[in-house]
Amino acid sequence: MTSTPRTESQAMAQVRTEIGGLRAGLSTRLRELRTELSAAGVDVNAFLATTPLFDGPGPDALAAGTVAAAARLFRSAVELIRSIPFTAGGETCQIGPWDPVFDRILLQHCVPGAFHLFDRRFDRLDPAVRDDRSIRLHEGNPAELVPTLTDESLDYALVDSAVSYADAERLFAALLPKVKPGGHVHVRNYTSWSVFSGIPFGVASVVNGLANRGAVCVVGFAVNPFGYNHILQRKSAAAPAAP
């Protein structure tokens, strides 16, 4: 018996249902942890208020004046992407694994002349993406390969990599000089803690540090149900060097 293909709305409904179940399970487990900590004599509220979750010595908050007056809050990363005034034929890059849904929308919206993909391996990359005329593959350690790009050549850069503080610091030191003044740096997984991996993420601290030094200003933010948020920053005209 041949099954009937699901419509897009049916598929999205299933995704929402499954996400709801995951969130409910996570909430239950967090309540259990609070109970266990309280039973052990731990002041849970004090613990949560004083325990730093970000990885590394960088600032853990954005200072006043680092957010542009016109910054916008978006319901989804796709809405954020569609707000960016891309120049057709420009240069863009993505650092990290290809997402078959989100990144295809990005590729269609930005219409780049060159789309640089940086990742340690591309064996699972969609052949249709690999064959796209704009795609340029850079396989290996992104922090070592990004410096091969021309300075101030990128209109837009998407970062979905560099989990630790040290790796993120190294990556952004290599990336920022490659972005044009006024160009955009879009960071996925803008969080200090991964709820699924159970480890600290250092990228938020590094990104906040760039804004606090005036290298970039925040122009957009998109929320994620699990805290893997998106932040969009615009490179300043005279950006200080990355650390």
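Remember, predicted model here, so these are calculated numbers, not experimental data.

This part takes up the confidence of the model for the chain. Residues with a pLDDT of 70 or more make up 85% of the chain, whose mean pLDDT is 83. Here helix α2 (residues 44-50) is the element of the chain with the lowest mean pLDDT, 62, and strand β5 (residues 154-159) is the one with the highest, 96. Predicted confidence is poor over residues 52-59, with pLDDT under 50, and the contacts of this stretch with residues over four places away or in other chains come to 20 contacts.

Bringing the pairing of strand β6 (residues 179-190) into the picture now. Pairing of β5 with β6 involves five bridges; the strand directions are parallel. Paired with V159 across the two strands is V187, which belongs to β6. Handedness of the β-α-β unit built from β5, helix α7 (residues 165-175) and β6 comes out right-handed. In this structure, β6 lies alongside strand β10 (residues 229-235), joined through five bridges in antiparallel fashion. When the bridges of β10 are listed, Y190 appears paired with N229.

A word on α7. Along α7, the positions that sit buried rather than exposed are Y165, A168, L171, F172, A174 and L175. Contact partners of the buried residues in α7: β2 (91-95), α6 (142-145), β5, β6 and α8 (203-212).

With that settled, the discussion passes to the nonpolar core. I95, F172, L175 and V187 are the most contacted members of the largest nonpolar core, which totals 30 residues. Excluding its chain neighbours within four sequence positions, the residues that come into contact with V187 are V159, F172, V203, V207, N229, H230 and I231. Ranked by size, the runner-up nonpolar core spans 24 residues in total, among them A77, I84, L125 and C217.

Within the chain, V111 stands out as a residue other than glycine whose phi angle is a positive 45 degrees. Residue position: V111 is located in the loop between α4 (102-110) and β3 (114-119).

The next subject is the environment of V219. Mapped onto the elements of the fold, V219 is located in strand β9 (residues 216-222). For V219, a relative accessible area of 13% puts it in the buried group. Sequence separation between V219 and A70 is 149 residues; the distance between their C-alpha atoms is 6.6 Å. Sequence-distant contacts of V219, defined by excluding residues within four places in its chain, comprise A68, A70, A71, R72, H184, L232, Q233 and R234.

Before going further, it helps to examine the environment of K178. Inspection of the secondary structure puts K178 in the loop between α7 and β6. C-alpha separation for the pair K178 and S153, spaced 25 residues apart in sequence, amounts to 5.7 Å. When near neighbours in sequence (up to four residues on either side) are disregarded, K178 contacts V146, P147, L149, T150, D151, E152, S153 and L154. Polar contacts involving the side chain of K178 include one to the main-chain carbonyl oxygen of P147, which spans 3.2 Å.

Below, the discussion takes up α4. Turning to α4, its buried residues are F102, D103, L106, L107 and C110. The buried residues of α4 occupy an angular sector of 135 degrees when projected down its axis, which confines them to one face. The elements touched by buried residues of α4 are α3 (77-82), β2, β3, β5, β6 and β10. Once α4 finishes, V111 follows within two positions and takes phi at roughly 45 degrees, a positive value.

Together, L22, W193, V195 and F196 give the surface a local cluster of nonpolar side chains, amounting to about 380 Å² of exposed area. Relative to the assigned elements, L22 resides in helix α1 (residues 8-39).

Calculation notes
- Residues numbered from 1 in each chain as written.
- Predicted model: local features only at pLDDT ≥ 70, side-chain atom pairs only at ≥ 80, totals over all residues.
- Heavy atoms only, no water.
- pLDDT = per-residue confidence, 0-100.
- Helix = DSSP H or I, 4+ residues; strand = E, 2+ residues; numbered from the N terminus.
- Contact = heavy atoms within 4.5 Å.
- Pairing = 2+ DSSP bridges.
- Right-handed = clockwise from strand over helix to strand, strands pointing away.
- Buried < 20%, exposed > 50% of the residue type's maximum accessible area, 1.4 Å probe, protein only.
- Core = buried A, V, L, I, M, F, W, Y, C linked by side-chain atoms within 4.5 Å.
- Polar contact = N/O pair within 3.5 Å; in protein donor to acceptor, adjacent residues only side chain to side chain.
- Arc of directions from axis to C-beta.
- Patch = residues over 30% accessible without salt bridge, like charges linked within 9 Å, V, L, I, M, F, W, Y side chains within 5 Å.
- Areas by Shrake-Rupley, 256 points an atom, 1.4 Å probe, with all protein chains shown as cover.
- Salt bridge = Lys/Arg side-chain N within 4 Å of Asp/Glu carboxyl O.

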